[in-house]
Amino acid sequence: MKTTILSWILRIAVAVILLQTLYFKFTGAEESIHIFTDLGVEPYGRIGTGILELITVILILMSRTILLGALLGSGIMIGAILSHLFVLGIEVENDGGTLFALANITLLSCLTLIFLNRENCQIY
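Now for a look at the structure at hand. What you see is a predicted model; the values in this text were computed from it and never measured.

### Structural notes on the layout of surface pockets
Roughly 550 Å³ of internal volume is contained in the largest pocket. Lys25, Ile35, Glu53, Ala80 and Leu99 are the residues nearest the centre of the largest pocket, which is lined by 28 residues in total. Put simply, the parts of the chain that give the lining of the largest pocket at least two residues each are α1 (2-27), α2 (30-38), α3 (44-61), α4 (66-88) and α5 (98-116). The element best represented in the lining of the largest pocket is α4, accounting for eight residues.

### Focus on a nonpolar patch on the surface
Where nonpolar side chains cluster on the molecular surface, the patch consists of Leu19, Phe26, Ile47, Ile51, Leu52, Leu54, Ile55, Ile58 and Met62 and spans about 720 Å² of accessible area. Where the nonpolar patch is concerned, the elements lending two or more residues are α1 and α3. The element best represented in the nonpolar patch is α3, accounting for six residues. Relative to the assigned elements, Leu52 resides in helix α3.

### As for the nonpolar core
Within soluble globular proteins, side chains that are nonpolar generally end up buried alongside one another. Within the largest apolar cluster, 17 residues are counted, with the highest numbers of intra-cluster contacts made by Val14, Leu18, Ile60, Met77, Ile81, Cys110 and Leu113. Secondary-structure elements contributing two or more residues to this core are α1, α3, α4 and α5. Broken down by element, the residue count for this core peaks at six residues, all from α5.

What counts, and where the lines are drawn
Residues numbered from 1 in each chain as written. Predicted model: local features only at pLDDT ≥ 70, side-chain atom pairs only at ≥ 80, totals over all residues. Heavy atoms only, no water. 1 Å grid on protein atoms, 1.4 Å probe; cavity = no way out; pocket = protein on both sides within 12 Å on 5 of 7 lines; lining within 4 Å. Points joined across faces, edges and corners; volume = space filled by probe spheres on them. Helix = DSSP H or I, 4+ residues; strand = E, 2+ residues; numbered from the N terminus. Patch = residues over 30% accessible without salt bridge, like charges linked within 9 Å, V, L, I, M, F, W, Y side chains within 5 Å. Areas by Shrake-Rupley, 256 points an atom, 1.4 Å probe, with all protein chains shown as cover. Salt bridge = Lys/Arg side-chain N within 4 Å of Asp/Glu carboxyl O. Core = buried A, V, L, I, M, F, W, Y, C linked by side-chain atoms within 4.5 Å. Buried < 20%, exposed > 50% of the residue type's maximum accessible area, 1.4 Å probe, protein only.

And the structure:
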């Protein structure tokens with residue numbers, strides 16, 4: 001029971017964080033354009049990342065695909081964290097490190113979901 005509650009809290013947290021950032025990616029917000037321009041992948045990287053994040057949310061919220069969504073979310077967040085560390089910096093456009101912190105929270109949530117759902121991984 002406790003594991004189920006924790007799983008749902010983590011799934012909702014990941015979904016809320018990713019859905020909130022989708023708005024900025026899909027509407028072409030100035031900060032989003034700045035980030036992906038600095039990375040050299042604007043606009044395709046911004047839109048592509050947004051689509052992958054939307055897929056992640058859908059997979060994480062569906063019971064049968066939590067593990068797949070958490071794996072995809074982990075990969076995306078590792079890329080985001082590495083981008084912050086090596087290209088963008090921790091603080092982007094005076095955000096106080098909020099985006100970096102959200103990427104870390106999302107990664108830790110996804111890694112915990114992978115751990116909680118590891119028995120659902122079947123290799124044939």
